[in-house]
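Spelled out from the first residue to the last, the chains are:
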Amino acid sequence: MSTVETHVPALREIAENSNAWPFQEARKIVARLKKHPKDEVVFETGYGPSGLPHIGTFGEVARTTMVRHAFRVLTDDKIKTRLIAFSDDMDGLRKVPENVPNRDMMARHLGRPLSRVPDPFSTEYPSFGAANNARLRAFLDQFGFEYEFLSSTDCYTSGWFDATLLRVLERFDAVMDIMLPSLREERAQTYSPFLPISPHSGIVLQVPILAHDARAGTITYEDPDTKERVTTLVTGGRAKLQWKPDWAMRWVALGVDYEMAGKDLIDSVKLSGEVCRALGGTPPESFIYELFLDERGQKISKSKGNGLTIEEWLRYASPESLSLFMYREPKAAKRLYFDVIPRHVDEYQQFLEAYERQDVKQRLSNPVWHIHSGHPPEPDMPISFSMLLTLVASSNAENAETLWGFIGRYRPGVTPQTHPKFDALVRYAIHYFRDFVLPQKRFREPSEGERAALLDLREALAQLPAGSTAEQIQQVVYEVGRREPFLDKTGKIKSRDGKPGVALDWFNMLYQVLLGQEKGPRFGSFVAVYGLQNTIDMIDGALARSA
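This structure is a prediction, so every number in the text was calculated from the model and none was measured.

A.B. asks: Any details on the overall build of the protein chain? Residues and values, ideally.
C.D. replies: Along its length, the protein chain carries 24 helices and 12 strands. On the principal axes, the C-alpha backbone points of the protein chain span a range of 95 × 60 × 45 Å. Counting over 547 residues, the protein chain shows a buried share of 53%. Looking at the protein chain alone, contacts between residues at least 24 apart form 68% of all its contacts between residues at least 6 apart. Accessible area of the protein chain: about 25,000 Å², with a carbon and sulfur share of 49%.

Spelled out as structure tokens, the structure:
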């Protein structure tokens, strides 16, 4: 990530009073250091590779990175920080995900650690866990995140966790006292924080622990296949912990100071915190965020594959627009589906353009400051994404070259070479139109009154000179729309010249009849880009269809 700013003397002072949520979170870590001083602050994000990485996983890393940068500003970057992206790939495969191939093969490996289940996609990776880990890392690398990746399997088998695992064994009874009240009676009778891994089947065993010896570092259990008593070390990857004690053990072993969690894990955060204290550690500062929902309002699940994947968002929009989605309202439940993309593309650009006009205090509350770690790029989008979508819809553009023909006439000198990011936006718009807008296009026929208004609009546009500006065109559109049934009846729409206001019904009609869609960008701006004659031809076509 970029170097923290030090050239603005007031930056830290303003940051200390900023209401932006990353600074609010960072101040919690500053307060923590005053109670528990240390030379390094460790941020962690957790990921379960039981299914394909989804955007929620990315969201934790993006948001944590924003808090990390805010902390660096508050401390003048004098305290070392690390961000650990941790994969729980030692977990047993509980069920076969619905969105993977070779499901029958995977079913034969149920119960084994994800890092020991064969990759169902190819022979490129040694395991299912490794394949999903690689996908996650590739995406994080694409965004330029600064992080350290850790695998649960590597940490267990290398001995990194051994000392803390032995501490859990020493305090076995204290951990049980914390966990048992949270369990159903039936599960409490067989529960153990330790899960031995069978040396025969490789399965993570959910079996009662018959005895534990802290001095020897062992646990004893009954093998479910042979019914023999087995005594095994808890170190070296021979056993792992149930996930709540595992989370607590990890906080202690890695010295984690800050970690986010979804709203569905509130109780888990509390229990893991108690276990952490029982192990002599201090639970990290936490931030509980709301869940992402699919188009039906259901929680997004890796195993179900509902909601959006990382790759899908990036087919239709820029990475920055995704970061904006993650920044905004993290404590509010949000639908994470295709229809949220266009708004976030355009609003990212609006925030970027506003940044140039803002003072330091305002900038620290602007999402783009946090998205770009204090160094947003120059705005470089001559036309909005919603406008591009409307252009594609009106011209039936099948390729970028057609769209660039309109763009070049409207913005002379703007080319794919001079504006490469905008060229990417053009291609996003084509993809989005083909996949989502085109299948939903429904042209409606105009009423007699609407036909008359469209005819008048056609004639008014035909009277305008070729070089008319978007504002001049918009005024003509307003003037034609000042008639029944489009006059504003509420009195809320005020015009500068005191004339009657025009209701949104007028503009909605234009998009429904002319373009077969419910809404669109400012109509005068659209005509300026699309061209007066092209718009006149489009009106003629709509009138001919309904004749």
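A.B. asks: Got a sec to walk through helix 14 (residues 341-355)? Specific residues and values, please.
C.D. replies: The end-to-end C-alpha separation of helix 14 is 21 Å, in line with the 21 Å expected for 15 residues at 1.5 Å each. For helix 14, the tally of buried residues reaches 11 of 15 residues, placing the bulk of the element in the interior. Those residues of helix 14 lying buried are Ile341, Pro342, His344, Val345, Asp346, Glu347, Tyr348, Gln349, Leu352, Ala354 and Tyr355. The inward-facing, buried residues of helix 14 contact helix 12 (310-316), helix 13 (319-327), helix 15 (360-363), helix 16 (367-371), helix 17 (385-395) and helix 19 (420-437).

A.B. asks: I'd like a rundown of the sheet that holds strand 6 (residues 218-222), residues and numbers included.
C.D. replies: Two pairing modes exist for strands in a sheet, parallel and antiparallel, and in both the strands are linked by backbone hydrogen bonds. The three strands lie next to each other as 5-6-7, forming an open sheet whose pairing is antiparallel. Unpaired on one side and paired on the other, strand 5 (209-213) and strand 7 (229-233) mark the two borders of the sheet. Each strand axis lies, on average, 20° off the axis of its neighbour in the sheet, ignoring direction. Here strand 6 runs beside strand 7; their pairing, made up of five bridges, is antiparallel. Note on strand 7: the bridge partner recorded for Tyr221 is Val230.

A.B. asks: Could you give me a rundown of the side chain of Ser198, with the residues and numbers involved?
C.D. replies: Locating Ser198 in the fold gives a position in the loop between strand 4 (194-196) and strand 5. With a relative accessible area of 5%, Ser198 lands in the buried category. Among the polar contacts made by the side chain of Ser198, one reaches the main-chain amide nitrogen of Ser201 at a distance of 3.1 Å. For Ser198, the contacting residues outside a window of four places in its chain are Ile203, Leu205 and Asp223.

A.B. asks: Help me get a handle on the state of the cysteines, residues and values and all.
C.D. replies: Covalently bonding the sulfur atom of one cysteine to the sulfur atom of another cysteine gives a disulfide. Using the criterion set out here, one finds zero disulfides in the structure. Cys155 takes part in no disulfide bond, and the closest cysteine sulfur, belonging to Cys276, lies 16 Å away. Under the relative-accessibility criterion, Cys276 is labelled buried at 1%.

Calculation notes
- By convention here, each chain's residues receive numbers from 1 onward along its written sequence.
- In keeping with the predicted nature of the model, local features appear solely for residues at pLDDT of at least 70, side-chain atom pairs appear and are counted solely at 80 or more, and the whole-chain, interface and lining totals rest on all residues.
- Just so you know, side-chain values use all the structure's heavy atoms and leave hydrogens and water out.
- A run of DSSP states H or I qualifies as a helix once it reaches four residues; a run of E qualifies as a strand once it reaches two. Both are numbered from the N-terminal end.
- Each residue gets one of three labels from its accessible area relative to the maximum for its type: buried under 20%, exposed over 50%, partly exposed in between, using a 1.4 Å probe on protein chains only.
- Any two residues whose heavy atoms approach within 4.5 Å at even a single point are treated as in contact.
- To measure how exposed things are, a 1.4 Å probe is used in the Shrake-Rupley method; for residues, cover is taken only from the protein chains shown.
- Expected span of a helix: the number of residues minus one, times 1.5 Å.
- Paired strands, in this sense, are two strands between which DSSP finds at least two bridges.
- Each axis is a line fitted through C-alpha atoms, and for a helix only the stretch in contact is used; angles between axes span 0 to 180 degrees, taken between their N-to-C directions.
- Here a polar contact is recorded for every N or O atom pair within 3.5 Å, except that within protein the pair must consist of a potential hydrogen donor and a potential acceptor, and residues adjacent in sequence are included only if both atoms are side-chain atoms.
- A pair of sulfur atoms, both from cysteines and within 2.5 Å, is called a disulfide here.

These values are about where atoms sit, not about what they do.
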